[in-house]
2 protein chains.
Amino acid sequence: MKDGEPTRPQLRYLEDFKAGDRISSGSFEVTAELIRSFAELYDPQPMHIDEEAARQTIFGELVGSGWQTLAITMRLLVDARLLGGTPIVGAEFANLRFHRPIRPGDSLKATAEVLQTRPSRSRNDRGFMDLQVTTTNQHDETVLTQAWTLIVPTRAAVHN
Amino acid sequence: MKDGEPTRPQLRYLEDFKAGDRISSGSFEVTAELIRSFAELYDPQPMHIDEEAARQTIFGELVGSGWQTLAITMRLLVDARLLGGTPIVGAEFANLRFHRPIRPGDSLKATAEVLQTRPSRSRNDRGFMDLQVTTTNQHDETVLTQAWTLIVPTRAAVHN
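In this report, the structure presented in the accompanying data block is examined. (Residues numbered from 1 in each chain as written. Chains lettered and ligands numbered in written order. Predicted model: local features only at pLDDT ≥ 70, side-chain atom pairs only at ≥ 80, totals over all residues. Heavy atoms only, no water.)

### What to know about the overall build of chain A
Inference 1: From N to C terminus, chain A includes 5 helices and 6 strands.
Inference 2: Secondary structure elements of chain A occur, N-terminal to C-terminal, as β-β-α-α-α-α-β-β-β-β-α.
Inference 3: Dimensions along the principal axes, computed over C-alpha positions, put chain A at roughly 60 × 40 × 25 Å.
Inference 4: For chain A, with 160 residues in total, the buried portion stands at 46%.
Inference 5: Contacts in chain A between residues far apart in sequence, at least 24 positions, make up 69% of those at least 6 positions apart.
Inference 6: Accessible surface for chain A amounts to roughly 8,100 Å². Of this, 46% is attributable to carbon and sulfur atoms. (Helix = DSSP H or I, 4+ residues; strand = E, 2+ residues; numbered from the N terminus. Buried < 20%, exposed > 50% of the residue type's maximum accessible area, 1.4 Å probe, protein only. Contact = heavy atoms within 4.5 Å. Areas by Shrake-Rupley, 256 points an atom, 1.4 Å probe, with all protein chains shown as cover.)

### Focus: the packing of aromatic side chains
Inference 1: Going through the model one piece at a time under the given rule, you end up with 12 aromatic pairs over all chains.
Inference 2: Between Phe98 of chain A and Phe93 of chain B the ring centres are 5.6 Å apart and the planes differ by 80°, which places this aromatic pair in the edge-to-face class. One end of the pair, Phe98 of chain A, is in strand β3 (residues 89–98); the other, Phe93 of chain B, is in strand β3 (residues 89–98), on a second chain.
Inference 3: Both rings, one in Trp148 of chain A and one in Trp67 of chain B, keep their centres 5.7 Å apart while their planes meet at 35°; by these two values the pair is tilted. Of the two residues, Trp148 of chain A is situated in strand β6 (residues 142–153) and Trp67 of chain B in helix α4 (residues 66–79); the pairing between them involves two chains. You'll find Trp148 of chain A and Trp67 of chain B in the same group, each marked buried.
Inference 4: These aromatic residues form a ring-pair network of at least three members: Phe38 and Tyr42 of chain A together with Phe38 and Tyr42 of chain B. (Phe/Tyr/Trp six-rings, centres within 6.5 Å; stacked < 30°, edge-to-face > 60°.)

### A word on the interface of chain B and chain A
Put simply, an interface is often sized by how much accessible area is lost when its parts join up.
Inference 1: Of the residues lining the interface, 34 residues belong to chain B; the matching set on chain A comes to 34 residues.
Inference 2: Each partner contributes to the roughly 3,000 Å² buried at the junction of chain B and chain A, and carbon and sulfur atoms together form 65% of this total.
Inference 3: Looking only at chain B, the three residues that lose the most surface to chain A are Tyr42, Trp67 and Phe93 of chain B, adding up to 25% of its buried area.
Inference 4: For the pair chain B and chain A, the interface holds 2 salt bridges.
Inference 5: As a salt-bridge pair, Glu92 of chain B and Arg97 of chain A come within 2.7 Å of each other at their nearest N and O atoms.
Inference 6: Where the side of chain B that touches chain A is concerned, the elements lending two or more residues are α1 (32–42), α4, β3 and β6 (142–153) of chain B.
Inference 7: Two elements, β3 of chain A and β3 of chain B, share 4 bridges in a ladder whose sense is antiparallel. (Buried area = accessible area lost by both parts, 1.4 Å probe. Salt bridge = Lys/Arg side-chain N within 4 Å of Asp/Glu carboxyl O. Pairing = 2+ DSSP bridges.)

### Comments concerning the pattern of salt bridges
Inference 1: Across all of its chains, the model carries 24 salt bridges over all chains by this definition.
Inference 2: The shortest N-O distance in the salt bridge between Arg55 of chain B and Glu52 of chain B comes to 2.9 Å. Within this pair, Arg55 of chain B and its partner Glu52 of chain B are both found in helix α3 (residues 51–55), separated by 3 residues, close to a single helical turn.
Inference 3: Among the charged side chains, a salt-bridge network with shared partners connects Arg123, Asp125 and Arg126 of chain A.

Right, dumping it as structure tokens:
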């Protein structure tokens, strides 16, 4: 590490987590500009890029792409140091449900609750962690729920 | 519609689809700049933002965020007019598996195969369509698979 670089957060291992652990994020402010800039590149549908056209859709107003809600949730959990300095690497994501759209002015938060940890059957240097991830808005309304299975190194990985 | 606006693609309804239908997309070129600009905003982890730091991770090189792979897949299917002019609105997404990371220089394509359509039990103006969505790279390697359940209007919606 070079002089002057910020200290890296501590690596965390599978053994550091147990069922019931909860990680809560800070907040992320959604703007119309952010909704449009994401949508122009990744989801150019009328309800995400044009306020006038959005009024003609079932949403009745400009709303963010669900894929952006997912991306923002990731940002919140990266900033919350879900795994400390250990990279967040997913094995599988399931049961993604978009309960409400996100809108300009929304302030989103995410929480991740550990459901279980389980060692890999084939390798002793890693295992899996199942998490329930919930994204809420400033009214404490749930906007997105999903189930994550992450690949997390075990302490054995340090010596391999 | 104003003069000079492009003609909107035809709306498609639940009755227009059947199991086995396949929709194939064009292609999307992944660049290092695109990987970094997405990651800086939504997934600022070393393997997504810095080539040097990425070499120290299990990926060994700069790779795109999985959430960006998802977003690109959406863009491919929006451009492919998956539902014609009908908005693509998801009810649930499941079984997301990231088989390979995306890298600078990759050219991605997506295909969506209709597994089944089913009417809503509570409303006659809409139903659900289950799709298997597969994203591949220029080597025909699968990078992402997922199961989509979309909310699709029925022809009854036209008269409600």
